[in-house]
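For reference, the chains in residue letters:
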Amino acid sequence: MVNVRAARVEDLMGMQACNLQNLPENYTMKYYLYHAMSWPSLSYVAEDSKGRIVGYILAKMDEEAPEGQPPHGHVTSISVLRSYRRLGLAKKLMILSQDAMASIYKAAYVSLHVRKSNRAALGLYRDTLGFELEKVEKGYYADGEDAYAMRLALDTSS
């Protein structure tokens, strides 16, 4: 049984461990803490029956939105341990965070970056969740791989 809930400060080590196990882009604990303290309602975790973090989403509101532009959210990182994939956890984590962005911060849209080579994530974002390709960012990742910059309009009427 997997439980999905809002992330807490005590989850940050587990979130970082999940990130280190799955992704080449890693963040300092200070960065996780900054997200947790600045936007506590936007990050979520999936935990197994023993309380181990098996997936997470780390999200924020954009701090550099130009004057007069509507606020928007950004998915910094999302990861699910390999043995817990194909259970709908990433979709559930994304939707919870997106809903919070729209309802709490009135975000007009959510953005994210995804490696061009990450077909599974691209399928989730584009085909399942409805994200659209905004542009290709050449050499976005530290290893030089390009990223798709994607966005999804959010419903702020609720």
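Residues numbered from 1 in each chain as written. Predicted model: local features only at pLDDT ≥ 70, side-chain atom pairs only at ≥ 80, totals over all residues. Heavy atoms only, no water.

**Section: the overall build of the protein chain**
A tally of helices and strands in the protein chain yields four helices and seven strands. Reading the helices (α) and strands (β) of the protein chain from amino to carboxyl end gives β-α-α-β-β-β-α-β-α-β-β. Here the C-alpha atoms of the protein chain give a radius of gyration of 15 Å, agreeing with the 15 Å that 2.2 N^0.38 yields for 158 residues. Within the protein chain, the fraction of its 158 residues that count as buried is 46%. Taking the intrachain contacts of the protein chain between residues at least 6 apart in sequence as the baseline, contacts between residues at least 24 apart amount to 64%. Accessible area for the protein chain stands at about 8,700 Å²; split by element, carbon and sulfur atoms hold 51% of it. In the protein chain, 19 positive and 18 negative side-chain charges are present, and the distance between their average locations comes to 7 Å. (Helix = DSSP H or I, 4+ residues; strand = E, 2+ residues; numbered from the N terminus. Rg over C-alpha atoms; globule rule 2.2 N^0.38 Å. Buried < 20%, exposed > 50% of the residue type's maximum accessible area, 1.4 Å probe, protein only. Contact = heavy atoms within 4.5 Å. Areas by Shrake-Rupley, 256 points an atom, 1.4 Å probe, with all protein chains shown as cover. Lys, Arg positive; Asp, Glu negative; His and termini not counted. Charge placed at Lys NZ, Arg CZ, Asp CG, Glu CD.)

**As for the sheet that holds strand S1 (residues 3-6)**
The sheet built from seven strands is open, its strands ordered S1-S2-S3-S4-S5-S7-S6 with mixed pairing. With one partner strand each, in any of the chains shown, S1 and strand S6 (132-137) form the two edges of the open sheet. Across this sheet, the average inter-strand angle for adjacent strands is 25°, counted without regard to direction. Relative to strand S3 (residues 53-61), helix H2 (residues 29-38) is tilted by about 65°, and along the sheet it contacts S3 and strand S4 (72-80). (Pairing = 2+ DSSP bridges. Axes fitted to C-alpha atoms, helices over the stretch in contact; angles between N-to-C directions.)

**With respect to the environment of Lys 135**
Within the secondary structure, Lys 135 is located in strand S6. Taking relative accessible area as the criterion, Lys 135 reaches 45% and is therefore assigned partly exposed. Placed 14 residues apart in sequence, Lys 135 and Ala 149 show a C-alpha to C-alpha distance of 5.3 Å. Contacts of Lys 135, omitting those with residues within four sequence positions, involve Ala 147, Tyr 148 and Ala 149.

**Remarks on the pattern of salt bridges**
Side chains that differ in sign of charge can pair as their charged atoms come close. Tallied over the entire structure, the rule returns 10 salt bridges. Here Arg 126 ties to Asp 127 by a salt bridge, and the two come within 3.0 Å at their closest N and O atoms. (Salt bridge = Lys/Arg side-chain N within 4 Å of Asp/Glu carboxyl O.)

**Concerning unusual backbone geometry**
Even without being a glycine, Arg 86 presents a positive backbone phi close to 70°. Checked against the element boundaries, Arg 86 lands in the loop between S4 and helix H3 (89-105). Phi is positive for Lys 106, close to 55°, though the residue is something other than glycine. Take Lys 106: its relative accessible area is 41%, and that puts it in the partly exposed class.

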